[in-house]
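Here's the letter readout for the chains.
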Amino acid sequence: MAKVFAIANQKGGVGKTTTCINLAASLVATKRRVLLIDLDPQGNATTGSGVDKLTLEHSIYDVLTGECSLVDAMQFSEHGGYQLLPSNRDLTAAEVVLLDMEMKEHRLRQALAPVRENYDYILIDCPPSLSMLTVNALSASDGVIIPMQCEYYALEGLTDLINSIQRIGERLNPALKIEGLLRTMYDPRISLTNDVSNQLQEHFGDKLYTTVIPRNVRLAEAPSFGMPALVYDKNSRGAIAYLALAGELARRQRASRSTAPA
Ligand SMILES: Nc1ncnc2c1ncn2[C@@H]1O[C@H](COP(=O)(O)OP(=O)(O)OP(=O)(O)O)[C@@H](O)[C@H]1O
Ligand SMILES: [Mg+2]
């Protein structure tokens, strides 16, 4: 049964999509079955997975509104090696259309139910807002992975984000956990990075992944070729960091299984 993780942060440009694509490809490289869901009307995870967002026959929008099944909208990312549920600007309308639908917060969870057992991991790329789309992602997920840059304002936004996740969780999905915080675009030469990093460590302890994602130009270049960094330049520091993250994720999973009550 797949573990479902929402990759979320209402702050824009923190590395959500980069994390989704590269973590998905790294999990595939370690023989996991992965489905990546692009839940952002920007469609960046779709393009970055090598799928043309302008010529989609079906997208996540059709799945959420019940016009087609998830399997009908799915496409294979050739370079990434994972299945993709693509998105494009059509999804902007979902915010309004969903409001009039039954179970509006649970549409994604319902759509995922029949395919969960076909995957080891399902990753959801959220838009940079706490919209109805993000609420659907949080309702469908076991945990939230929060990518963040180590800057002063990031800490302020983080408190709001965690409070919102807890509120939404209590109402719609009591089992929802903060799976982990991921430091992205990390540059240890900047002293503020180290200060913020130390504060994160103090506040969040084990929730903070030990793996950090460095600022690496290969990670920024790869999406324009529709590739994860692992295929674009497998020896790049970015590609290696995301492989390490996949390893850390799997280790945590094993550790939590071995301590779970029988
Ligand atoms: N570790 C990194 N090193 C260098 N560039 C990066 C790194 N991570 C992300 N980027 C670049 O930073 C920009 C923002 O990253 P990304 O699109 O992943 O963020 P996002 O949180 O998904 O943004 P949005 O909120 O708009 O969806 C992109 O141009 C991406 O290529
Ligand atoms: Mg994004």
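Here the structure is a predicted model, which is why all the values come from computation and not from measurement.

A. Seen up close, the overall build of the protein chain. Across its full length, the protein chain carries 12 helices and eight strands. Taking 262 residues into account, the globule formula puts the C-alpha radius of gyration at 18 Å, and the protein chain, at 17 Å, falls close to it. Expressed along its principal axes, the backbone C-alpha trace of the protein chain runs to roughly 50 × 40 × 40 Å. Looking at the 262 residues of the protein chain, the share that counts as buried comes to 55%. Sequence-distant contacts in the protein chain: of pairs separated by 6 or more residues, those separated by 24 or more amount to 78%. Accessible surface for the protein chain amounts to roughly 12100 Å². Of this, 51% is attributable to carbon and sulfur atoms. Looking at charge distribution, the protein chain has the averaged site of its 26 positive side-chain charges lying 7 Å from that of its 29 negative ones.

B. Fine view of the packing of helix H8 (residues 152-172) against helix H9 (residues 191-204). For the pair H8 and H9, interaxial distance at closest approach is 9 Å and the crossing angle is 25 degrees. Overall, the two elements H8 and H9 adopt an arrangement that is roughly parallel. H8 and H9 meet at a crossing whose hand is right-handed. Taken together, the residues of H9 that come into contact with H8 (itself represented by Tyr152, Leu155, Leu158 and Ile162) are Leu192, Val196, Gln199, Leu200 and Phe204.

C. Just H8, in detail. Spanning 21 residues, H8 covers 31 Å between terminal C-alpha atoms, matching the ideal 30 Å at 1.5 Å per step. Burial in H8 covers these residues: Ala154, Leu155, Gly157, Leu158, Leu161, Ile162, Ser164, Ile165, Ile168, Gly169 and Leu172.

D. Seen up close, the environment of Ser131. Following the sequence through the fold, Ser131 ends up in the loop between strand E5 (121-125) and helix H7 (132-140). For Ser131, a relative accessible area of 13% gives the class buried.

E. Broad picture of the sheet that holds strand E2 (residues 34-38). Across the sheet, eight strands lie side by side as E3-E4-E2-E5-E1-E6-E7-E8; this open sheet has mixed pairing. A single partner strand is all that each edge strand has here, and the edge strands are strand E3 (75-76) and strand E8 (208-214). Looking at chain direction, strand E1 (residues 3-7) and E5 are connected through five bridges and run parallel. The residue bridging Ala6 from the neighbouring strand is Ile124, located in E5. Along the sheet face, helix H1 (residues 16-29) touches E1, E2, E5, strand E6 (143-149) and strand E7 (177-186) and points at about 165 degrees away from the line of E5. Docked against the sheet, helix H12 (residues 237-259) engages E1, E5, E6, E7 and E8, running at close to 165 degrees with respect to E8.

F. View of the site of ligand 1. As a structural note, the neighbourhood of ligand 1 is formed by 17 residues, with Lys16, Thr17, Thr18, Pro214 and Asn216 the closest of them. The contact in question runs from an oxygen atom of ligand 1 to an N or O atom on the side chain of Thr18, over 2.5 Å. Gln42 places a polar side-chain atom, nitrogen or oxygen, 3.2 Å from an oxygen atom of ligand 1. Summarising the interface, the protein chains cover 80% of the accessible area of ligand 1, which totals 630 Å² for the free molecule.

G. A look at the pairing of E8. Most of E8 sits out of view: five of its seven residues are buried. Direction of pairing for E7 relative to E8: parallel, over a ladder of three bridges. Counterpart to Tyr186 in the pairing with E8 is Pro214. Regarding topology, H9 serves as the crossover connection from E7 to the parallel E8, and that connection is right-handed.

H. Fine view of the pattern of salt bridges. Tallied over the entire structure, the rule returns eight salt bridges. One salt bridge connects Asp233 with Arg218, and the closest N-O pair in it is separated by 2.9 Å. You can see Asp233 sitting in the loop between helix H11 (229-232) and H12 and its partner Arg218 sitting in helix H10 (residues 217-221), a full 15 residues away along the chain. A salt bridge links Arg252 to Glu248; the nearest nitrogen and oxygen atoms lie 4.0 Å apart. Of the two residues, Arg252 and Glu248 both sit in helix H12, four residues apart, roughly one turn of that helix. For Glu248, a relative accessible area of 7% corresponds to the buried category. Through salt bridges with shared partners, a single ionic network connects Arg218, Glu221 and Asp233.

Here is what the cut-offs are and how they apply
- Residues numbered from 1 in each chain as written.
- Chains lettered and ligands numbered in written order.
- Predicted model: local features only at pLDDT ≥ 70, side-chain atom pairs only at ≥ 80, totals over all residues.
- Heavy atoms only, no water.
- Helix = DSSP H or I, 4+ residues; strand = E, 2+ residues; numbered from the N terminus.
- Rg over C-alpha atoms; globule rule 2.2 N^0.38 Å.
- Buried < 20%, exposed > 50% of the residue type's maximum accessible area, 1.4 Å probe, protein only.
- Contact = heavy atoms within 4.5 Å.
- Areas by Shrake-Rupley, 256 points an atom, 1.4 Å probe, with all protein chains shown as cover.
- Lys, Arg positive; Asp, Glu negative; His and termini not counted.
- Charge placed at Lys NZ, Arg CZ, Asp CG, Glu CD.
- Axes fitted to C-alpha atoms, helices over the stretch in contact; angles between N-to-C directions.
- Parallel < 35°, antiparallel > 145°, perpendicular 65-115°, else oblique.
- Left-handed = near helix turned anticlockwise from the far one by under 90°.
- Expected span 1.5 Å × (residues − 1).
- Pairing = 2+ DSSP bridges.
- Near = heavy atom within 4 Å.
- Polar contact = N/O pair within 3.5 Å; in protein donor to acceptor, adjacent residues only side chain to side chain.
- Right-handed = clockwise from strand over helix to strand, strands pointing away.
- Salt bridge = Lys/Arg side-chain N within 4 Å of Asp/Glu carboxyl O.

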